[in-house]
Amino acid sequence: IELILFLEGEGNAFVGNHVGNFNAGDIYLIGTNLPHTFQKAEADMVTSAVVVQFLHNCWGDQLLQMPECRCIKTLFETANAGLKLKGETVDQLRPMISQLEHAVGFTRIMLLWQCLGIISARKEYDLLSSQNMANLQTRQQARVDKIFLYTIEHFAEGITLEDIAAHVNMSI
(Lines give C-alpha, C1' and ligand atoms only; values in the text may rest on other atoms or scores of the structure.)
Protein backbone atom coordinates (compact mmCIF):
# COMPACT_ATOMS: atom_id res chain seq x y z
CA ILE A 1 0.00 0.00 0.00
CA GLU A 2 1.24 3.53 -0.71
CA LEU A 3 0.29 6.85 0.84
CA ILE A 4 1.52 9.60 -1.48
CA LEU A 5 1.70 13.37 -0.92
CA PHE A 6 2.84 15.40 -3.93
CA LEU A 7 4.98 18.30 -2.75
CA GLU A 8 5.62 19.94 -6.12
CA GLY A 9 4.86 19.47 -9.78
CA GLU A 10 1.86 18.37 -11.79
CA GLY A 11 1.01 15.83 -14.44
CA ASN A 12 -1.00 12.77 -15.32
CA ALA A 13 -2.08 10.11 -12.84
CA PHE A 14 -2.63 6.55 -14.10
CA VAL A 15 -4.21 4.42 -11.36
CA GLY A 16 -5.77 1.12 -12.37
CA ASN A 17 -8.02 2.03 -15.29
CA HIS A 18 -8.26 5.67 -14.16
CA VAL A 19 -6.52 8.50 -16.00
CA GLY A 20 -6.54 11.92 -14.36
CA ASN A 21 -4.34 14.77 -13.20
CA PHE A 22 -2.22 15.31 -10.13
CA ASN A 23 -0.98 18.58 -8.64
CA ALA A 24 1.20 19.67 -5.77
CA GLY A 25 -0.69 19.07 -2.52
CA ASP A 26 -2.66 16.07 -3.79
CA ILE A 27 -2.76 12.94 -1.64
CA TYR A 28 -3.38 9.40 -2.88
CA LEU A 29 -3.84 6.08 -1.11
CA ILE A 30 -2.98 3.26 -3.50
CA GLY A 31 -3.98 -0.29 -2.57
CA THR A 32 -2.08 -3.54 -2.80
CA ASN A 33 -0.93 -4.56 -6.30
CA LEU A 34 -2.81 -1.70 -7.96
CA PRO A 35 -0.91 -0.66 -11.10
CA HIS A 36 -0.15 3.05 -11.03
CA THR A 37 2.24 5.66 -12.32
CA PHE A 38 2.43 9.43 -12.22
CA GLN A 39 3.94 11.28 -15.18
CA LYS A 40 5.03 14.90 -14.91
CA ALA A 41 3.43 17.32 -17.33
CA GLU A 42 6.72 18.45 -18.89
CA ALA A 43 10.02 16.61 -19.22
CA ASP A 44 12.03 19.33 -17.44
CA MET A 45 9.49 19.91 -14.67
CA VAL A 46 10.56 19.16 -11.11
CA THR A 47 8.19 16.91 -9.19
CA SER A 48 8.62 15.55 -5.70
CA ALA A 49 6.51 13.54 -3.31
CA VAL A 50 6.57 11.88 0.07
CA VAL A 51 5.80 8.21 -0.58
CA VAL A 52 5.04 5.96 2.38
CA GLN A 53 5.03 2.28 1.44
CA PHE A 54 3.85 -0.48 3.75
CA LEU A 55 2.35 -3.97 3.58
CA HIS A 56 -1.32 -4.31 4.47
CA ASN A 57 -0.36 -6.88 7.11
CA CYS A 58 2.88 -5.32 8.35
CA TRP A 59 1.42 -5.20 11.86
CA GLY A 60 0.43 -8.86 11.72
CA ASP A 61 -2.77 -10.46 10.56
CA GLN A 62 -4.54 -10.33 13.93
CA LEU A 63 -4.41 -6.57 14.49
CA LEU A 64 -6.78 -5.77 11.64
CA GLN A 65 -9.25 -8.36 12.97
CA MET A 66 -9.76 -6.40 16.19
CA PRO A 67 -13.05 -4.43 16.29
CA GLU A 68 -11.12 -1.19 16.81
CA CYS A 69 -9.19 -1.74 13.56
CA ARG A 70 -11.91 -3.01 11.24
CA CYS A 71 -12.31 0.46 9.76
CA ILE A 72 -8.64 0.34 8.69
CA LYS A 73 -9.15 -3.11 7.17
CA THR A 74 -12.13 -1.74 5.23
CA LEU A 75 -10.05 1.25 4.14
CA PHE A 76 -7.34 -1.06 2.78
CA GLU A 77 -9.97 -3.01 0.82
CA THR A 78 -11.43 0.22 -0.56
CA ALA A 79 -7.94 1.48 -1.46
CA ASN A 80 -7.60 -1.44 -3.87
CA ALA A 81 -9.43 0.85 -6.30
CA GLY A 82 -7.08 3.75 -5.54
CA LEU A 83 -8.19 6.79 -3.58
CA LYS A 84 -7.59 10.48 -4.24
CA LEU A 85 -8.24 12.32 -1.01
CA LYS A 86 -10.14 15.59 -0.97
CA GLY A 87 -11.65 18.24 1.27
CA GLU A 88 -10.52 19.03 4.79
CA THR A 89 -8.90 15.61 5.03
CA VAL A 90 -6.17 16.77 2.64
CA ASP A 91 -5.54 19.92 4.67
CA GLN A 92 -5.35 17.91 7.87
CA LEU A 93 -3.05 15.21 6.44
CA ARG A 94 -0.48 17.33 4.55
CA PRO A 95 1.58 18.31 7.61
CA MET A 96 1.26 14.84 9.13
CA ILE A 97 2.54 13.08 6.00
CA SER A 98 5.36 15.60 5.75
CA GLN A 99 6.31 14.73 9.34
CA LEU A 100 6.32 11.03 8.44
CA GLU A 101 9.29 11.61 6.15
CA HIS A 102 11.55 12.53 9.07
CA ALA A 103 9.88 10.74 11.98
CA VAL A 104 11.68 7.78 13.50
CA GLY A 105 10.79 4.76 15.57
CA PHE A 106 7.40 4.38 17.14
CA THR A 107 6.50 8.01 16.33
CA ARG A 108 6.55 7.15 12.64
CA ILE A 109 4.21 4.19 13.16
CA MET A 110 1.80 6.27 15.24
CA LEU A 111 1.75 9.07 12.65
CA LEU A 112 0.92 6.57 9.92
CA TRP A 113 -1.88 5.08 12.03
CA GLN A 114 -3.24 8.57 12.72
CA CYS A 115 -3.27 9.31 8.99
CA LEU A 116 -5.06 6.05 8.23
CA GLY A 117 -7.53 6.69 11.04
CA ILE A 118 -8.39 10.13 9.67
CA ILE A 119 -8.85 8.80 6.13
CA SER A 120 -11.08 5.95 7.30
CA ALA A 121 -13.19 8.18 9.58
CA ARG A 122 -13.72 11.11 7.21
CA LYS A 123 -14.21 9.17 3.97
CA GLU A 124 -13.39 12.25 1.88
CA TYR A 125 -12.01 10.68 -1.25
CA ASP A 126 -12.75 9.76 -4.81
CA LEU A 127 -12.50 6.13 -5.91
CA LEU A 128 -10.27 6.06 -8.96
CA SER A 129 -10.29 2.69 -10.71
CA SER A 130 -13.64 1.18 -11.64
CA GLN A 131 -12.24 -2.34 -11.75
CA ASN A 132 -10.50 -4.40 -9.08
CA MET A 133 -6.98 -4.76 -10.47
CA ALA A 134 -5.52 -6.45 -7.39
CA ASN A 135 -6.66 -9.96 -8.26
CA LEU A 136 -5.36 -10.12 -11.81
CA GLN A 137 -3.79 -13.36 -12.89
CA THR A 138 -0.15 -13.37 -14.01
CA ARG A 139 -1.01 -13.19 -17.73
CA GLN A 140 -3.46 -10.34 -17.17
CA GLN A 141 -0.97 -8.51 -14.94
CA ALA A 142 1.71 -8.79 -17.62
CA ARG A 143 -0.70 -7.27 -20.14
CA VAL A 144 -1.58 -4.41 -17.79
CA ASP A 145 2.13 -3.79 -17.15
CA LYS A 146 2.74 -3.67 -20.90
CA ILE A 147 -0.08 -1.14 -21.30
CA PHE A 148 1.32 1.01 -18.49
CA LEU A 149 4.79 0.98 -20.04
CA TYR A 150 3.37 1.92 -23.44
CA THR A 151 1.37 4.71 -21.83
CA ILE A 152 4.45 6.07 -20.06
CA GLU A 153 6.50 6.03 -23.26
CA HIS A 154 3.82 7.58 -25.49
CA PHE A 155 1.59 9.70 -23.23
CA ALA A 156 2.70 12.98 -24.82
CA GLU A 157 1.70 11.78 -28.31
CA GLY A 158 -1.95 11.14 -27.60
CA ILE A 159 -2.92 7.50 -27.27
CA THR A 160 -6.02 5.87 -28.69
CA LEU A 161 -7.73 2.72 -27.53
CA GLU A 162 -6.85 1.21 -30.91
CA ASP A 163 -3.13 1.91 -30.29
CA ILE A 164 -3.16 0.18 -26.93
CA ALA A 165 -5.24 -2.76 -28.14
CA ALA A 166 -2.85 -3.33 -31.04
CA HIS A 167 0.15 -3.09 -28.70
CA VAL A 168 -1.14 -5.91 -26.46
CA ASN A 169 -2.72 -7.96 -29.25
CA MET A 170 -6.32 -7.40 -28.20
CA SER A 171 -9.43 -6.54 -30.14
CA ILE A 172 -11.78 -3.74 -29.23
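In the block above lies the structure referred to throughout.
Conventions and cut-offs
- Residues numbered from 1 in each chain as written.
- Predicted model: local features only at pLDDT ≥ 70, side-chain atom pairs only at ≥ 80, totals over all residues.
- Heavy atoms only, no water.
- Helix = DSSP H or I, 4+ residues; strand = E, 2+ residues; numbered from the N terminus.
- Buried < 20%, exposed > 50% of the residue type's maximum accessible area, 1.4 Å probe, protein only.
- Contact = heavy atoms within 4.5 Å.
- Phe/Tyr/Trp six-rings, centres within 6.5 Å; stacked < 30°, edge-to-face > 60°.

**Q** What is the right way to read the environment of Leu116 from this model?
**A** Relative to the assigned elements, Leu116 resides in helix α3 (residues 105-122). Here Leu116 falls in the buried class, since its relative accessible area comes to 0%. Between the C-alpha atoms of Leu116 and Phe38, which are 78 residues apart in sequence, the distance is 22 Å. Beyond its immediate sequence surroundings of up to four residues, Leu116 is in contact with Leu29, Phe54, Trp59, Ile72, Leu75 and Phe76.

**Q** Just to check I follow, could you spell out the packing of aromatic side chains for this structure?
**A** Note on aromatic pairs: each is described by the distance of the centres and the angle between the planes. Inspection of every chain in the model, using the stated rule, returns 8 aromatic pairs. Judged by centre distance (4.2 Å) and plane angle (25°), the ring pair of Phe6 and Phe22 falls under stacked. On the criterion of sequence distance, the pair formed by Phe6 in strand β1 (residues 2-8) and Phe22 in strand β3 (residues 18-23) is long-range, its members being 16 residues apart. Overall, Phe22 belongs to the buried group, its relative accessible area being 2%. Through a chain of ring-to-ring contacts, the aromatic side chains of Phe6, Phe22, Tyr28 and Phe38 assemble into a single cluster.

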